Amino acid sequence: MRYQASKLLLTTFLVGALAACAPAPAAPAAPTAPPAEPTPTAAPAEPTPTAAPAEPTPTTAPAAPAMSGKIKIATQSPLSGPQAALGTGIRNGADLGLQDMGKMLTDMGFEVELAPFDDQAKPEVGAANAKNIASDPDILCIVGHLNSGVALASLPTYKDNSLAMVSPANTNPKITESGYQNAFRVVGRDDVQGAVGEEFARTEMKIKSVYIIHDKTDYGQGVAEFFRQQAEKNGIQVLGFEGTEEKSNFESILTPIQAANPDLIYFGGIYDQAGPMFRQARDRGITAQFLGPDGLDSPELLKLAGDAVKGMYYTSVAAPVSQFPDAAKFAEDYKAKFNEDAPPFSAQAYDAMGICIRAIAQAAEKAGGKPSREQVVQAIRDAGEYKGITGAYTFNAKGDPVTSTYFVLQVSDKDGEPGEVWNANAVVKKLDIPAP
Amino acid sequence: MAIAADALPAPASRRTLRMTLAGVFGPLGQVFIFVVGSAIVLSVITVLVAFLLRGTRTNVDLVQATLTILPQVIVDGLVRGFLFATIALGYTMVYGVLEFINFAHGEIFMVGAFSGAALGTVLAASGMLNAIPPLLFVLIAVIVGMLVSGMLAMTIERVAYRPLRNAPRLVPLISAIGVSLLLQDGMRLIANVTGLGFNARFPTPNFGPPLQLAQIPAADGRTIPLILDVRALIFIVAATLMLIGLNYLVNATKLGTAIRAVAQDRPTASLMGINVNQIIALTFLIGGALGGAAGVLFGIRVGTVNPYIGFLPGLKAFTAAVLGGIGNIPGAMVGGIVLGFLEAFVASYLSLLTGGAFSGASYADIVAFAILILILIFRPSGLLGEAVAQKV
């Protein structure tokens, strides 16, 4: 008896819910569509007309579910482990973005929430998280990852579930070259970054020979490979190309380097490996200059390597926050909220969050209710230029920004706290290069 | 050796003295033979391969290139080998007495390294780091590391192993792996909370420039210095002292006799009035202290520590212990050094000899585990296997 009663109740409820949902988009959305002009940049003004018809009649069944419900935006980045310094920056930047721009969605009647996930910089952890993210129907967009290898492991799951990923940091070309319609990024690509580094090494640092080390990840090996291709093409002598997962004891790798006596050691990878390696190289009396990609962009490098990296150059797709005039308020807010200077990629995460929010708002507008994941992906594709705090982004058909900025930076040779010294790093060169 | 004679109940006749000397320094000879032997064998093989391959690479004189870095590779291999050896000593101690592999030993090593790093950070913050002589700092840091790791090992034994002592052998093995994970992530938490950071810097006083042992002429007319880092030298000396000390302890003291008795037959030893629990706890204390000392010396040498540094060296030290004959003290030393040599040769030469087709540094890790498998198949008792009967 009780079983039957509950079944009956459940069926009635389901039917009611369906009935409530079905007419909802039709009725209130029609009048609101015209005022929601297709101009993509001006968003905050629009939510009011949609909120208005929904609010006064909260008791009537058809209108209530139209613009309500929970929307979550996930972040995935390493929050623990050796690369946590950059990963927490991404989460915090996205958090700040949601706080500043989430109003666009809350005004419409949605509840918004950040869902941070820790991928530990490990592909298998990222892929497992991706499954959890996919199974939460409230998550409509993802800001992340830090590591390209982790993103590439998670992307198939996102793709199967039509989840949009806007990456603030992934630079491996495969992210957008593999045909994932749902992958976007706000930064440049390693095939360009490797070439920028090589050109800088050849023309400004006057390098004749190089020894290349990488960390065997999609990111590190990728960028090192592009550096090598360009170097070989342009006549720099490549004395060695080695991959290693070693984190602390680099003796056996440094011995052949010392014998080869290169002008430059190029390291494709992240600061947690580069720091100890550079310091041990200097301890051994290796005088070669160092160069590396944006994975080295963290005060942690200075903490781990000490004087060995003072004055060294590195390339990046993300300059210090101080380089972006529009990001001044972000930098202040970040420091006030998280009690540290905004690390690299945090401002990009803020913009990635902005892109997600705008797309969800537009998709909701169009759907007249909580949008589907497909609609969000489509909205990012269709939205046109997004003016963020780190630049204006328009995505091409692959998901790359049409033009990206690449930087060459130099580590400051000041003394002091690593965090402060790192903020004083100077931009030596700035290049705007269209996506290949 | 007067102490040794005092410690032994037997009258200090010339015979006992001779036996003591043989027990303490005899194994050193064995280690020395294996060190020299493996260095020579590996060098000859490498040069031979370079000689055979010389025609395939036109742009480089392979034999010359191989010979140029050979002395440095041997030095690197020795340093690497001593690292594995010092960790392997702890494994072997525990295995010898309990016949159970303490997989948390790598983490005991890591905790030792972290306690040294914490000490260095405190000293650096107070500005005392550069005021005290470097060697004194090493001594203090090693003592701190030994105390922390020794106590930790004893606690682990009391909490996670002793209650399982009569359980099937697989059970304490699993609890050891659990302890190992607990220590890794526990240390990760502590490091983050205390502000040491995941990648903690190990501040050390300035040891000065590395020693230049020789100048080796290279193909292009340059000379390449043969370098031995002062910190690596300290490491080698300290590891040798640890081996001598351990040999002395096990072979020439009352405690050592008791440890050997417990290792051979636990019930009978307890009937002879030996407090078995106490002896096992002391074994863990000694093994842990050795691991802690190795951790501190490793930290001083490489300059950074993180909660996962114990994992891979731990596995390799286990390989080293098996290679030398697990449960056998000189065997651990020999196994560690042979493994260190092999890895250094592979890491430095593979890429050169194959013209970059194989990246040496990435294949070095595989060598350790390939050896483990080969040894287990062909000589399960290890290189010094015949000595296994007299455990520890």
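Cut-offs and rules
- Residues numbered from 1 in each chain as written.
- Chains lettered and ligands numbered in written order.
- Predicted model: local features only at pLDDT ≥ 70, side-chain atom pairs only at ≥ 80, totals over all residues.
- Heavy atoms only, no water.
- Helix = DSSP H or I, 4+ residues; strand = E, 2+ residues; numbered from the N terminus.
- Rg over C-alpha atoms; globule rule 2.2 N^0.38 Å.
- Areas by Shrake-Rupley, 256 points an atom, 1.4 Å probe, with all protein chains shown as cover.
- Lys, Arg positive; Asp, Glu negative; His and termini not counted.
- Charge placed at Lys NZ, Arg CZ, Asp CG, Glu CD.
- Axes fitted to C-alpha atoms, helices over the stretch in contact; angles between N-to-C directions.
- Parallel < 35°, antiparallel > 145°, perpendicular 65-115°, else oblique.
- Left-handed = near helix turned anticlockwise from the far one by under 90°.
- Contact = heavy atoms within 4.5 Å.
- Nonpolar A, V, L, I, M, F, W, Y, C, P; charged D, E, K, R; others polar.
- Salt bridge = Lys/Arg side-chain N within 4 Å of Asp/Glu carboxyl O.
- Buried < 20%, exposed > 50% of the residue type's maximum accessible area, 1.4 Å probe, protein only.
- Buried area = accessible area lost by both parts, 1.4 Å probe.
- Polar contact = N/O pair within 3.5 Å; in protein donor to acceptor, adjacent residues only side chain to side chain.
- Pairing = 2+ DSSP bridges.
- Disulfide = S-S within 2.5 Å.
- Phe/Tyr/Trp six-rings, centres within 6.5 Å; stacked < 30°, edge-to-face > 60°.
- pLDDT = per-residue confidence, 0-100.

A. Layout of the overall build of chain B. Check the secondary structure of chain B and you find 13 helices and four strands. Taking 2.2 N^0.38 as the reference for a compact globule, 392 residues should give roughly 21 Å; the C-alpha atoms of chain B span a radius of gyration of 22 Å, in line with that estimate. Once the C-alpha set of chain B is aligned to its principal axes, its extents read approximately 70 × 50 × 45 Å. With the model as given, the accessible surface of chain B reaches about 16500 Å², and the carbon-plus-sulfur share is 72%. Chain B carries 21 positive and 13 negative side-chain charges, and their two centres are separated by 6 Å.

B. Highlighting the packing of helix 15 (residues 346-367) of chain A against helix 16 (residues 373-382) of chain A. All names here are of chain A. Between helix 15 and helix 16, whose axes approach to 8 Å, the crossing angle comes to 115 degrees. On the basis of their axis angle, the class for helix 15 and helix 16 is roughly perpendicular. Where helix 15 crosses over helix 16, the handedness of that crossing is right-handed. Note on element contacts: helix 16 touches helix 15 through Gln375, Val376, Ala379 and Ile380, opposite Ile355, Ala359, Ile360, Gln362, Ala363 and Ala367. Tallied by class, the residues present in the contact of helix 15 with helix 16 amount to eight nonpolar, two polar and no charged.

C. Spatial organisation of the pattern of salt bridges. Residue and element names in this part refer to chain A. Counted by the stated rule, this structure contains 33 salt bridges over all chains. The partner of Lys247 in a salt bridge is Asp272, with the nearest N and O atoms 3.6 Å apart. In this pair, Lys247 is assigned in the loop between strand 7 (237-243) and helix 11 (251-260) and Asp272 in helix 12 (residues 271-283), connecting sequence segments 25 residues apart. A relative accessible area of 37% means that Lys247 is categorised as partly exposed. Asp272 sits in the buried class, given a relative accessible area of 3%. Each member of the salt-bridge network shares a partner with another, and the members are Glu177, Arg185, Arg189, Asp191, Lys398 and Asp400.

D. Examining the packing of helix 2 (residues 14-53) of chain B against helix 12 (residues 329-353) of chain B more closely. Residues and elements named next belong to chain B. In the contact formed by helix 2 and helix 12, the axes pass within 9 Å of each other and the chain directions differ by 15 degrees. As summarised for this structure, helix 2 and helix 12 are arranged roughly parallel, according to the angle between their axes. At the point where helix 2 passes helix 12, the crossing takes the right-handed sense. Looking at the contact of helix 2 with helix 12 residue by residue, the class counts come to 19 nonpolar, four polar and no charged.

E. Just the interface of chain B and chain A, in detail. The interface is formed by 33 residues belonging to chain B together with 29 residues belonging to chain A. Taken together, the two surfaces of chain B and chain A that pack against each other cover about 2700 Å², and 45% of this comes from carbon and sulfur. Across the chain B-chain A interface, the total number found is three salt bridges. Between the two partners, chain B and chain A, sit 15 residue pairs in polar contact (both at pLDDT 80 or more). Of the residues forming the side of chain B that touches chain A, the biggest block, six residues, is contributed by helix 3 (residues 62-98) of chain B. Taken together, the residues of the side of chain B that touches chain A break down into 16 nonpolar, ten polar and seven charged.

F. Broad picture of the sheet that holds strand 8 (residues 264-268) of chain A. All names here are of chain A. Sheet architecture is open: four strands sit in the order 7-6-8-9, paired in parallel fashion. The sheet is open, and its two borders are formed by strand 7 and strand 9 (289-291), each paired with just one other strand. Pairwise comparison of adjacent strand axes, ignoring direction, gives a mean angle of 20 degrees for this sheet. Examined bridge by bridge, strand 6 (residues 209-214) and strand 8 share five bridges and lie parallel to one another.

G. Structural context of the state of the cysteines. Residue and element names in this part refer to chain A. This structure, assessed with the given rule, holds one disulfide over all chains. Between the sulfur of Cys141 and that of Cys356 lies a disulfide, 2.0 Å long from S to S. Between Cys141 and Cys356, the S-S torsion sits near -60 degrees, and that sign places the bridge as left-handed. Placement of Cys141 in strand 3 (residues 139-144) and of Cys356 in helix 15 is noted, with a sequence separation of 215 residues between them. Here the two residues Cys141 and Cys356 agree in accessibility, since each one is buried.

H. Inspection of helix 11 of chain A at higher detail. Residue and element names in this part refer to chain A. Most of helix 11 is tucked away, with nine of its ten residues classed as buried. Inspection of helix 11 places Glu251, Ser252, Ile253, Leu254, Thr255, Pro256, Ile257, Gln258 and Ala259 among the buried residues, and these make up the whole buried set. Positioned one or two residues after helix 11, Asn261 has a phi angle of 50 degrees, which is positive.

I. View of the packing of aromatic side chains. All names here are of chain A. With the rule as written, the count across this model stands at 18 aromatic pairs over all chains. Measuring from ring centre to ring centre gives 6.2 Å for Phe324 and Phe407, while their planes differ by 90 degrees; the resulting arrangement is edge-to-face. Linking Phe324 in the loop between strand 10 (313-316) and helix 14 (328-338) with Phe407 in strand 13 (residues 403-410), this pair joins segments that are 83 residues apart in sequence. Take Phe324: its relative accessible area is 11%, and that puts it in the buried class. You can call Phe407 buried: its relative accessible area is 2%. By the ring-pair criterion, three or more aromatic residues cluster together here, those being Phe330, Tyr334, Phe338 and Tyr350.

J. Up close: the confidence of the model for chain B. Residue and element names in this part refer to chain B. Looking at chain B as a whole, its pLDDT mean stands at 87, while 95% of the residues score no less than 70. Within chain B, the lowest mean pLDDT, 46, falls on helix 1 (residues 2-7), and the highest, 95, falls on helix 5 (residues 134-161). Among the scores for the predicted complex, ipTM is 0.86 and pTM is 0.82.

K. Representation of the side chain of Thr157(A) in the model. Relative to the helices and strands, Thr157(A) is located in helix 7 (residues 148-160). Contact partners of Thr157(A), with chain neighbours within four places excluded, come to Ala127(A), Ala130(A), Lys131(A) and Ala134(A).

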